[in-house]
Amino acid sequence: MLLRFACLLCVAVSLCLGDVYMHNPRGSNNRLNEQSANRNNGDRLFDSQNNNRGGYNAGDSLTSNRGFTTEEQIYRMKYFQSGSEDSGGGESLLTIEWTNQHGCGGNEDTDPHKLNCNIVIQMMVQDNVELTATNKASRVHDGTTTDTQTFTPPASRTTETNAQHKARADHASLTRGLHESFDYYDDCNMRTRNKGLFTADQNLGNNNFGISSAAYTRQNANGNRRGYECPEERDYYPYWHPSPWIDVAILTDNVSRCAYYQAQSFNVMPKGLCRQMYSDGGVRPWSEFNTYSTCVANGGSWWVVRSYIDIESVTKRDCVLRNGTDGYIRYWDSPTFEGVATCLVAPKVPTCTLAPWSRVNHLGNGRDGVPLNYTWTIPYFPSGNAKLAVVRLRYNISTDDYNPWATDSSRNQNAAQGTVSPVTQNPLIDIGATSKTSLRLAINTAQFGRTFQDRSHVMELLPRPSRIPNCTLYNLNVRGKRGNIVQTYPAVEYDFIPNRLTVSKDDCVHIQWTGSNTHNNGNPAGDGQAGDAGEGLTGTDRTNVLESPNANSNYPTPWESSSMFNNDALKVLWVPPYWSKSASAMRPIDVGVAFATAGNFQCFAGCHYSASTLNGMYGAIDPLLNTVSASFQGMVLQFAPGEYNYLCTRNNNFSNRSQKGQLTVKA
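Residues numbered from 1 in each chain as written. Predicted model: local features only at pLDDT ≥ 70, side-chain atom pairs only at ≥ 80, totals over all residues. Heavy atoms only, no water.

A. The state of the cysteines, seen in detail. Taken as a whole and judged by the stated rule, the model has seven disulfides. Here C258 is linked by a disulfide to C352, with a sulfur-sulfur distance of 2.1 Å. The sign of the -75° torsion about the S-S bond sets the C258-C352 disulfide as left-handed. With C258 in helix α4 (residues 258–264) and C352 in strand β14 (residues 351–354), this residue pair connects regions lying 94 residues apart in the sequence. The pair formed by C258 and C352 is uniform in burial state, with each residue classed as buried. Bridging C603 to C607, the disulfide has an S-S length of 2.0 Å. Here the S-S torsion is close to -105°, and the disulfide linking C603 with C607 is therefore left-handed. Of the two residues, C603 and C607, neither departs from the other in class, the shared state being buried. (Disulfide = S-S within 2.5 Å. Helix = DSSP H or I, 4+ residues; strand = E, 2+ residues; numbered from the N terminus. Buried < 20%, exposed > 50% of the residue type's maximum accessible area, 1.4 Å probe, protein only.)

Right, dumping it as structure tokens:
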């Protein structure tokens, strides 16, 4: 029995400079801590299909120009979760920003584009538990080396034991980055692929057992592995088997299909897997059978899996009673095959809306003059647990040269049956002049219908502390990296994001940023320019915030004349746990000094790291902020009504780069 799904995805040219890059939260494009303009390893975590130059390093918590050498030294951006809906909790809003090269958006009926597209935003989320040798094959981590996780397939498709599987999984490394788990790829590599898919004239390979598995797709015909990502899941949406990814939003050029996308989302629809047992006990986490009928016929059990965003430690009775609270559906089920049932909190139906418009062959702003963006409401997690998360942005494009919804394996190239694919590799076309005159089209059938992606580094989603009220919480961050516009491309130069933010006086703002000490942008630089033009120590990102008189000004406002921080109505609702002065004791001048020095001084006076004593957290303040950390956890503030302009003293370099922002607070 064939699974028949049309290819819903994307089109692109065979050679391209850049394709999709996420700028906030900072997309890695498989970078980690390279000092070169090119990433070291495009197979580190996932298949981006992007140029080697894109992406941002993971954040450093260190000072000077020292890069991290341990997982603990990586700065993970820390975002507070939304509050409980039933308790009147406010939303926590994060601007996701990206550029996509090949265009998107426009209404299919009234404003058609040159291609079909979807942008699918997803997240992976886990409890924030310590990384150990026990969970290294499943707990997300950035790693400290750019090497790809290792993988050894089963030695036998019939006689592998549980002990042998555990020995294979134990090869997962603490120092190599990991998103998808070892077991997830193990299953993907063994599970028969969906042979109902259109693969054009591509010849898909087989694994070591002769199985053409889900690791082999039209885009990945030779089965190359990137991290522990499953190529079939990467290339097709919505996917028909369980996935570790939770859908956040589907941005499409055809909103008439939104109901379909939402109904088929794993957030909503359970998906099935075949599970079999090891002879020495335990569940085998892989099976070659991909349908209910083949699974059962071969002695397996078809496991219907529900997606969940959280687990609540409550009784079955309380789980049933809590169903529907905070807008969440709950199920009493097991997160593992034949495991112990518990209270699973299902993710909400993903948002589906019109994709923002962007033109073809362009990595830049949309029609409205601002970067492409989506405002994500960070979820509320009923367990109250801190979470680790990764954000994934998938960019899918397709063509009308064949019907992507109706074309399946029956149209695959098959000379023996006389079937000609509707698209073929670099075809010659007759232009009608003579029988010997033809022109060649640039068509790569592996890319005629294509998916690109970028992912964030690991971030933390924290429960709201008691001092943060039930306000709408806006996250104000910094995008970009060191270098001029040519050196950073296809990444971007520094700027605040959102660059122009409007809130009410009752809203909260969490100002926070991260940067790297190894953005040297050296050689190899690929097809771009090496170099890291900028101020301060080479390779280092730094930011601070000082008020300025207006958007056109490049000098900060004297403290005595300022009002953004120097305001008795300013409320400090939260400071980092390591802070040497409580939030309730912070005065306006303390806040101003802290943001001006990127946290080097935690107050003006009355704390351990004070400006009045020149006792900085990182020593004496350097005029170019060289000695402070590249990252600052910031504060959560409520501002007085007004319009405030602000800048970064180090990076705002008129006629070279502008790092300014504007905050409007309405009464």
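B. Fine view of the environment of Y374. By the element assignment, Y374 lies in strand β15 (residues 372–378). For Y374, a relative accessible area of 13% gives the class buried. Separated by 253 residues in the primary sequence, Y374 and I121 place their C-alpha atoms 9.1 Å from one another. Not counting chain neighbours up to four residues away, the residues in contact with Y374 comprise L94, T95, I96, W98, I121, V248, A249, L251 and T351. (Contact = heavy atoms within 4.5 Å.)

C. A look at the pairing of strand β21 (residues 473–479). In terms of burial, β21 is a largely internal element, seven of the seven residues being buried. Neither face of β21 is open: one carries L473, N475, N477 and R479, the other Y474, L476 and V478, and all of them are buried. Of the strand pairs in this sheet, strand β5 (residues 92–100) and β21 are connected by two bridges, and their pairing is parallel. Within β21, the position partnered with S92 by the bridge is L473. Judged from the four bridges that link them, β21 and strand β24 (residues 508–513) form a sheet pairing that is parallel. (Pairing = 2+ DSSP bridges.)

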